[in-house]
Amino acid sequence: MVTTFEKPADSITENYITQKNNPLRPIYHKILEGERITEAEGLEIYDSNDLLSIGILADTARKLRTPEAERNYVYWVHNFHINPTNICEANCTFCSYKKGPKSPFAYVMDVDAVLEMVHKYPGKDTLSEFHIVSGLYEKQGLEYYTSLFKALSKEFPHVHIKAMTAVEMDYMAKLDGIPVKQVIGELQKAGLKSMPGGGAEVFSERMRAEVCLDKISATEWLQIHGIAHEMGINTNATLLAGIGETPAERIDHMIRLRDQQDRSKEASGGFMTFIPLNCYYEGNKIDPSNALTGIENLKNFAVSRILLDNVPHIKAFWVHIGEKMSQVGLNFGVDDLDGTVVQEQVANNAGTAAGQHLTQAQLLNFIWKAGRTPVERDSIYNIKKIYPRP
Ligand code: V47
């Protein structure tokens, strides 16, 4: 469990949530007592349209799990996304990024091409993180990624490598006929430091049969993160919402993550951040009528913050959620905005309205204007610099 700190000071908002006729009042008291919120209570919050109360619950949960001096912080990282190929064997119906090997739009980057791309980035000297994910492509297996990580570690020793989803780890293991643990170990030796949260989609078996039948199961995804945690690797977790899942399935997803984090309790790694993502619909087979509303976005942030009492951070990935919605999310449990996100391809291929890059100045302004303090972090939440409002 995340440590619980001093109760936030009494305020007008507390008067509102503690009104006798407020149906969410019992949940507020449970949060204050540090009691675990149940799946049914998660649904109760989801069923409510009292956004003010939902925001108070989530913000209270966030503050209680954060030392007082850090309660105003909003984290971000200076990161650079690397997607070495768009060729992928999987057939996820929501994916607009994947191409077949013969497609005129397919690309494959060898190690030198990746290095050249990073060298061209003017901000490379102040980068903190490479976020590397790719397609499932047989010509880019463990050998390719160990060479890539070694080369990146050598040329950019100051940059943390956060790479490979559980799906990719499993694929490389199967290609070489070796256990996943061995794959992670080899990559760790080559420079891998943490794992991103992609590939989780929605854990519901009903949804996986519909949208990603040939992908690893939810249980396998969770087990691979458990193995990484045992090996001292911190990881993230995502939820891909807006693909036809029900609110109950979103909540079930969060509960399965919470259970895995409990199982990883004694390990030296664990889930750092939960990231609710939105599906985008250009160039894929998902019905756009499943798109999340703004209210549902806020509920995903709030309910995940409330239920995931053992995961320290909730991230609004502005590329998916949009800049304005992410900013509002800061009042609904969010404490992380990912980063400057140079060169992201997966969501951009599916038609997100947000761009591929925010400058540092834009990001800082966006956090200041929400009344919060931007904090530049590294990939594992060590503070690099605090930016008080000028
Ligand atoms: O796993 C695929 C999703 C994910 C679409 O760990 C789509 O810090 C929207 O995992 N519309 C990749 N989404 C992104 C990801 C991520 C992002 C930011 C931070 C972190 C982190 C991880 O994107 C995939 C999939 O769930 N995705 N297609 C689409 N059409």
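This report concerns the structure included in the present document.

Calculation notes
- Residues numbered from 1 in each chain as written.
- Predicted model: local features only at pLDDT ≥ 70, side-chain atom pairs only at ≥ 80, totals over all residues.
- Heavy atoms only, no water.
- Helix = DSSP H or I, 4+ residues; strand = E, 2+ residues; numbered from the N terminus.
- Buried < 20%, exposed > 50% of the residue type's maximum accessible area, 1.4 Å probe, protein only.
- Contact = heavy atoms within 4.5 Å.
- Areas by Shrake-Rupley, 256 points an atom, 1.4 Å probe, with all protein chains shown as cover.
- Lys, Arg positive; Asp, Glu negative; His and termini not counted.
- Charge placed at Lys NZ, Arg CZ, Asp CG, Glu CD.
- Near = heavy atom within 4 Å.
- Polar contact = N/O pair within 3.5 Å; in protein donor to acceptor, adjacent residues only side chain to side chain.
- Pairing = 2+ DSSP bridges.
- Axes fitted to C-alpha atoms, helices over the stretch in contact; angles between N-to-C directions.
- Parallel < 35°, antiparallel > 145°, perpendicular 65-115°, else oblique.
- Left-handed = near helix turned anticlockwise from the far one by under 90°.
- Salt bridge = Lys/Arg side-chain N within 4 Å of Asp/Glu carboxyl O.

## Some details on the overall build of the protein
Link 1 in the chain: Counting its regular elements, the protein contains 16 helices and 11 strands.
Link 2 in the chain: Across its three principal directions, the C-alpha atoms of the protein cover 65 × 50 × 40 Å.
Link 3 in the chain: Looking at the 390 residues of the protein, the share that counts as buried comes to 60%.
Link 4 in the chain: Sequence-distant contacts, at least 24 apart, represent 74% of the contacts inside the protein between residues at least 6 apart.
Link 5 in the chain: Here the protein displays about 16000 Å² of accessible surface, and carbon together with sulfur accounts for 53% of that area.
Link 6 in the chain: When the 41 basic and 49 acidic side-chain charges of the protein are each reduced to a single mean position, those positions are 3 Å apart.

## Looking at the site of the ligand
Link 1 in the chain: The immediate surroundings of the ligand are formed by 24 residues, with F94, K162, G199, E201 and K315 found nearest.
Link 2 in the chain: G198 places a polar main-chain atom, nitrogen or oxygen, 3.3 Å from an oxygen atom of the ligand.
Link 3 in the chain: One nitrogen or oxygen atom from the side chain of N236 is found 3.0 Å from an oxygen atom belonging to the ligand.
Link 4 in the chain: Within the complex, 95% of the 610 Å² of free accessible area of the ligand lies under protein.
Link 5 in the chain: Those elements that place two or more of their residues in the shell around the ligand are β6 (234-241) and β7 (271-278).

## Let's talk about the pairing of strand β1 (residues 73-77)
Link 1 in the chain: Counted residue by residue, β1 has five buried out of five residues, so it is predominantly covered.
Link 2 in the chain: Of the two faces of β1, the one holding Y73, Y75 and V77 and the one holding V74 and W76 are both buried throughout.
Link 3 in the chain: Both β1 and strand β10 (residues 373-377) contribute to a ladder of four bridges, which runs parallel. Looking at β10, one finds that Y75 is bridged to V375.

## A word on the packing of helix α6 (residues 142-155) against helix α8 (residues 180-190)
Link 1 in the chain: At a closest axis distance of 8 Å, the pairing of α6 and α8 adopts a crossing angle of 25°. Here α6 lies roughly parallel to α8, going by the angle between them. Where α6 crosses over α8, the two elements pack in a sense that is right-handed. Listed contacts from α8 to L142, Y145, T146, F149, K150 and S153 of α6 are V183, E186, L187 and A190.

## Comments concerning the sheet that holds β1
Link 1 in the chain: An order of β9-β1-β10-β11 is seen for the four strands of this open sheet, with the pairing classed as mixed. Whereas interior strands pair on both sides, the edge strands pair on one side only; in this sheet they are β9 (336-339) and β11 (383-386). Ignoring strand direction, the axes of neighbouring strands in this sheet form an average angle of 30°.
Link 2 in the chain: Each of β1, β9 and β10 is contacted by helix α16 (residues 360-368), which is oriented at about 165° to β1, the strand it contacts most.

## Topic: the pattern of salt bridges
Link 1 in the chain: Across all of its chains, the model carries 19 salt bridges by this definition.
Link 2 in the chain: E116 is the salt-bridge partner of K120, the closest N and O atoms lying 3.4 Å from each other. Residue K120 and its partner E116 are both found in helix α5 (residues 111-120); the two are separated by four residues, about one turn of the helix.
Link 3 in the chain: Of the residues examined, K120 reaches a relative accessible area of 63% and is grouped as exposed.
Link 4 in the chain: For E116, a relative accessible area of 46% puts it in the partly exposed group.

Distances and angles like these do not, on their own, reveal function.
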